[in-house]
Structure formats: C-alpha cells, structure tokens
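So you can see what is in the structure, the chains are spelled out below.
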2 protein chains.
Amino acid sequence: MAKTKDINTEKQILDAAKKVFQIKGMNGARMQEIADKAKINKAMLHYYYRSKDLLFEAVFKNAFALLAPQLNAILNDDSSIEEKVRNFTSNYISFIIKHPYLPTFIIQELNRNPEFILKMKDQKGFPNIEKFKKQVALEIKEGIIKPIKGEQLFINILALNIFPFVATPLVKAFANVDNKAFKQLMNDRKTEVADFIINSIKV
Amino acid sequence: MAKTKDINTEKQILDAAKKVFQIKGMNGARMQEIADKAKINKAMLHYYYRSKDLLFEAVFKNAFALLAPQLNAILNDDSSIEEKVRNFTSNYISFIIKHPYLPTFIIQELNRNPEFILKMKDQKGFPNIEKFKKQVALEIKEGIIKPIKGEQLFINILALNIFPFVATPLVKAFANVDNKAFKQLMNDRKTEVADFIINSIKV
DNA sequence: AAATGATTTAACTATTTGGTTAACAAATGT
DNA sequence: ACATTTGTTAACCAAATAGTTAAATCATTT
C-alpha cells in the first residue's frame, strides 16, 4: 500500500475542511474552497471522504470530541462545586480563546440538524450530568451552597462561559466595545464568571 | 394603481420568508420554498424584493426590530437594577418562548456576516449600554450592589437569558431532559435566573 | 368599454456546485 | 523489471438554484 503520501493529504483535507466548515457552516461551505485550501484536486475530497456529508461528519465529530472532555472534567471529578466552577471557567475560556469558532459551529449545526446529537450520545465520553446533580443536592443538604436545581446551575455555568463567544458580534455591538476591549473583557471573565457564580450560590 | 392585491402578497412573502430564513438561515433557505409557502410564483419574490439578498435583509431587519426594544427596556428605564433584572428576565423569556427561532437566527447570521451589525447600529433605537453602566456604578457607590463592571453584568444577563434558547439541542442533550422537561426548565428560569443574578450582586 | 398600468404566471437561462470518470503517476510487492 | 495497487489530475455531468422574460390577467381611470 502507498501510505507515505495519503496520510498527509488526508490530514490536509481534514484541516482545510475544519477551517471552512467551522467558519461557513455546512450550507455555506464549498467543496472547491476546501480543495483549494488543502491544495489538492476536488476529486480527492471524494476519494478520501466519499461525500460532503461524510466529510462534514468527520469534522463535526472531531470538533465535538474536543469539547466534550472539557465538560466531563466539571461533571465527573471529585472536587467541590466551588473548585469545579473555578477550574472550569478558567480552563474553558482559555480553551475557547484558542478555538473561537468551535462553540458557534457546534451549536449552529445542531440547530440545523438536531438529530445529529443522537449519534454523539452513543459515543462513550458523552457528558452526563447525573453525578453533578447528586453533588449539588449533597452540598445543599450540607449547607455549603444555597438551594438550586443541578440542571439550572449547569445551564448557568454553560451560558455564562459559552454565550459571549457564540454571540460575539452582538455582544460587541451592544456593549459598544472594539476588538481589543472585547478580548480584555473575555480575559477578565476567567475569574469574573467564577466569582459571579460562587457569589450567587455560596451560603 | 392596483393596490388591493399587492399589499397582501407582499406581506405573505415576508411572512413566508421569515419562517424559512429563520429556520434554515440565508444559506439554507431556498427561494422556491419561500414561494411555495407564500403560495405564489417564484418570480413574484423578485418582483417585490428584487433579490434573495434584499428579501433576506428585510427579514433580518424585521427580526432585529423585534428584539431591540426588549433590550432598551432594561437599558433605559428608571427602575433599580434589581427591578430591571427581574422584569427583563421574566419578559424576555416569555417573549422568546413565543419567538423561539429569533435569537439563534440573529446570532447565526451576524456570525456569517459581522458587518451586518453596522447597518443596524445606524438605526435609532439601537440598544446603548451607557446609561446602564452609569447606573451600575452608582448603585455600587451607594452600597446597593457589589462591585462589578456594567459590561460584565450586562453580558451575564444576556447570557443567562438567551443562551439556553440558542443552544437548545446541546442543553437538552447534556442536561439529559426531553422536550417537556426542557420547557419546564425554561419556564422556571423566568424567576430562577433573576434570583441567581440578584443573589450574586446584592450586598 | 377602451386604454393604461400594475400584478401574476409559465417557461426559460446562466451559473454554481456536488459528484463522477477515465486516464495518468507513483509506490509497492513479487 | 514488471505487474498491481494506490494516489492524483483534468475534464466532464447532472441537478439545483437564483434570477429573467414575455405574455397574460386583473384593476383603475377616463
């Protein structure tokens, strides 16, 4: 088998496809643009990935696999709620600053095709909230935090961390800040958001 | 001028275009589908709106004009921060439950074309955060609320209210709830979110 | 009721785009 | 060395799709 070259092209294609799909979405992406970016012939895309749908699926799964572990950290480790909130907020925002198109891409494509999440749910490592819910209930009982439903706290954590990156143009316009000021705000949020949450739930 | 019919068709087109664009986005929408939904010939779309771009623009401006007043309420009225948070949260979530595709649509299309926001900024009634920032600073000085930057508080309010509707499929999957339970969670948030915010900032 | 102008339709066009094919090149096994 | 498999390309194809046109119909004015 001639394996020397193809390993490289396959990766080149996936890298190019990532960039194009994550910025333009499934509907806005063009196979030709991906080919150009990967510096190969358009036929190669089909040689390696058969169809646009399958190439997209590869990109999507890849993106999702990058995001999921971030969530599992907060859901499944053994630290306290407060520690989890602080670690997650700091880590997650650092992570997203490195991959700014990721959350928007995933959310946009799941809205376009909500059944897609079913394929993801099957794979092991899919975030599960049950342990987190129990821990919240326990810390409430122990008087460490104020009463709140685990689901709601979890949604709040996601919302505060993810939203500004998903709605960047809107937030920039409303808050009336330029690019530089926006980045500064996001950096501040690494601790701001955690404080905001802890303030709210700590007894 | 024969004005009896066209007023109706024009509205029919806009209504159909709204539905299709808001669900499928600019790139996913098809002129034929809009024509079918409006029960008219495809040529009529061009007769009234010239091009797909202009029809889209009409829909987008319309959607934005629906959302903006909701924000101006919190930014510009004279109630206290606490009252604003409570009113906005309750009103906004009720509003979005009636227009579930609106925030996703606006955010998605602004990400696709960030310059679009410039056109919106020109129009009067575009939300401005300055008054809100001053009010936050004042209430901090008066010892009513804890120190927080106005921009950050504003982002947090938006995030907690809007995010679950933008990321619905993701939230449903992670929180492991079905449609009914999700709706219940959203309903609970009308007061939950306000409490969460107030808890965090109240001295 | 004829003329005029606005509205509507069916058929058509040009272009874009995902996908295919067949020939060619490079690597690998024997 | 040569045959076979794998990788790559250019040219092509068919379907989808935004947009056009010219004729027909409807409403309004005189």
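Residue numbers here run from 1 along each chain, matching the order of that chain's written sequence. Just so you know, chain letters begin at A and ligand numbers begin at 1, following the order they were written in. Only residues with pLDDT of at least 70 get local features here, since the model is predicted, and only at 80 or more are side-chain atom pairs given and counted; chain-wide, interface and lining totals rely on the full set of residues. Hydrogens are left out, water is left out, and the side-chain values use all remaining heavy atoms of the structure.

Engineer: Please clarify how unusual backbone geometry should be interpreted in this entry.
Structural biologist: A negative phi angle characterises most non-glycine residues, just as the trans form characterises most peptide bonds. All names here are of chain B. For Lys39, which is not glycine, the phi torsion reads 55° and is therefore positive. Helix and strand labels come from DSSP, where a helix needs a run of H or I of at least four residues and a strand needs a run of E of at least two; each type is numbered from the N terminus. One can find Lys39 in the loop between helix H2 (31-38) and helix H3 (42-49). At Arg50, a residue that is not glycine, the phi angle is positive and equals roughly 65°. Within the element layout of this structure, Arg50 appears in the loop between H3 and helix H4 (52-76).

Engineer: Would you explain the packing of aromatic side chains in this entry?
Structural biologist: The relation between two aromatic rings is expressed through the spacing of the ring centres and the mutual angle of the planes. In summary, the pairing rule links any two rings of Phe, Tyr or Trp, Trp by its six-membered ring, whose centres are within 6.5 Å, and it sorts them by plane angle into stacked for under 30 degrees, edge-to-face for over 60 and tilted for everything else. As enumerated under the stated definition, the model contains 30 aromatic pairs over all chains in all. Plain terms: the ring middles of Tyr47(B) and Tyr48(B) are 5.1 Å apart, the flat faces sit at 90° to each other, and that makes the pair edge-to-face. Through a chain of ring-to-ring contacts, the aromatic side chains of Phe21(A), Phe56(A), Phe60(A), Phe64(A), Phe105(A), Phe116(A), Phe126(A), Phe132(A), Phe154(A) and Phe174(B) assemble into a single cluster. In our convention, an over-ring charge means Lys NZ or Arg CZ found within 6 Å of a ring centre and within 35 degrees of that ring's normal. A cation over a ring is seen here: Lys119(B) above Phe116(B), with NZ or CZ 5.2 Å from the ring centre.

Engineer: Can you help me understand the domain arrangement of chain A in this one?
Structural biologist: By convention, interface size is frequently given as the accessible area that disappears when the constituent parts associate. Residue and element names in this part refer to chain A. Annotation of chain A at the domain level lists domain 1 (1-50) and domain 2 (64-201). The source of the domain bounds is an automatic or database domain assignment. Its C-alpha centre places domain 1 at a distance of 31 Å from the equivalent point of domain 2. We call two residues in contact whenever any of their non-hydrogen atoms come within 4.5 Å of each other. Taken residue by residue, the interface counts 6 residues in domain 1 and 6 residues in domain 2. For the pair domain 1 and domain 2, the summed buried area comes to about 520 Å², and 63% of that belongs to carbon and sulfur atoms. What makes a salt bridge here is a side-chain nitrogen of Lys or Arg within 4 Å of a carboxyl oxygen of Asp or Glu, nothing more. Viewed at the interface, domain 2 and domain 1 are joined by 0 salt bridges. Side-chain atoms alone can form a polar contact between residues adjacent in sequence; in general such a contact is a pair of N or O atoms within 3.5 Å, and within protein one must be able to donate a hydrogen while the other accepts it. Counting the contacts that link domain 1 with domain 2 gives 1 residue pair in polar contact (both at pLDDT 80 or more). When residues are sorted by character, Ala, Val, Leu, Ile, Met, Phe, Trp, Tyr, Cys and Pro go into the nonpolar class, Asp, Glu, Lys and Arg into the charged class, and all the rest, Gly among them, into the polar class. When its residues are assigned to classes, the side of domain 1 that touches domain 2 shows 3 nonpolar, 3 polar and no charged. Buried area: the accessible surface (1.4 Å probe) lost by two parts on joining, summed over both.

Engineer: Would you mind going over the interface of chain A and chain B with me for this structure?
Structural biologist: Across the contact, 51 residues belong to chain A and 51 residues belong to chain B. Together chain A and chain B conceal approximately 4,700 Å² of surface at their shared face, both sides included; 69% is due to carbon and sulfur atoms. Its largest share of buried area at the contact with chain B, chain A owes to Phe163(A), Phe174(A) and Phe196(A), together 17% of the area lost on that side. In this structure, the connection of chain A to chain B is made through 0 salt bridges. Linking chain A to chain B there are 10 residue pairs in polar contact (both at pLDDT 80 or more). Those elements that provide at least two residues to the side of chain A that touches chain B are helix H1 (3-28), helix H4 (52-76), helix H6 (102-112), helix H7 (116-122), helix H9 (150-166), helix H10 (168-175) and helix H11 (179-201) of chain A. By residue class, the composition of the side of chain A that touches chain B is 32 nonpolar, 10 polar and 9 charged.

Engineer: Would you take a moment to explain the relation of the copies chain A and chain B for this structure?
Structural biologist: Each of the two chain copies can be generated from the other by rotation about an axis followed by a shift along it. By a simple turn and slide, chain A fits onto chain B: the slide is 0.0 Å along the axis, the RMSD is 0.1 Å, and the turn is 180°. The transformation just described matches what one would write down for a two-fold rotation axis. Within chain A, Ser200(A) has its C-alpha nearest the rotation axis, a separation of 1.9 Å. By residue overlap, the copies meet face to face through one surface: 100% of the interface positions of chain A are interface positions in chain B. Copy-to-copy alignment: least squares on C-alpha atoms, limited to residues at pLDDT 70 or above in both.

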